[in-house]
Amino acid sequence: ICDAKRQIQIDRYSAVSKEGTSLAFVDEAKRQLGWKITLSEKDAWVQYNRVDFGTGGPKSVIVQCLSSTGGVVEVRLDKPDSPVIAEVEIGKNTDWHTANSKLINVPSGLHDLIVTSKEKNDVQLDWVRFE
């Protein structure tokens, strides 16, 4: 079980879509920085199981990201086609940065976290956190 208020290393996923996802080092020259997941196709998704949102429920989501094209990721719970609880706009940027968004619906309890690509873009994700 992973606390939603801690950095969720999305690259340690439980499942991914069959197409449009790839895994690589954050920096090939600095492998100690860990891994990243890339979403490159419309509706590509990554799933991280057993995220505990607690009872109070967070109000926003933050992602550590970069994108050569810019793009939007959608945050969902439990299934890739479930209702969107947040849309995070990822600006075009070749440096790692954080992007955030308010949650449309505030979750509580234990859920599987799904992050999907809204469009065909190059969006790279390192971690996700809720607050």
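Rules behind the numbers
- Residues numbered from 1 in each chain as written.
- Predicted model: local features only at pLDDT ≥ 70, side-chain atom pairs only at ≥ 80, totals over all residues.
- Heavy atoms only, no water.
- Pairing = 2+ DSSP bridges.
- Helix = DSSP H or I, 4+ residues; strand = E, 2+ residues; numbered from the N terminus.
- Axes fitted to C-alpha atoms, helices over the stretch in contact; angles between N-to-C directions.

Asker: Quick question: what am I supposed to make of the sheet that holds strand β11 (residues 123-130) here?
Answerer: Judged by pairing direction, the sheet is antiparallel, and its 5 strands sit side by side in the order β3-β4-β11-β6-β9 without closing on themselves. Each end of this open sheet is capped by a strand with a single partner; those strands are β3 (21-25) and β9 (93-102). Taken pair by pair, the neighbouring strands of this sheet meet at an average axis angle of 35°, ignoring direction. Pairing between strand β6 (residues 60-67) and β9: 7 bridges, direction antiparallel.

Asker: I tried to follow the pairing of strand β8 (residues 84-90) on my own but got confused; where do I start?
Answerer: One face of the sheet, then the other: side chains in a regular strand alternate in exactly this way. By the bridge criterion, 6 bridges tie strand β7 (residues 71-77) to β8 in an arrangement that is antiparallel. The residue of β8 that forms the bridge with Gly-71 is Ile-90. Joining the antiparallel neighbours β7 and β8 is a turn of 6 residues, in which Asp-78 adopts a positive phi near 75°.

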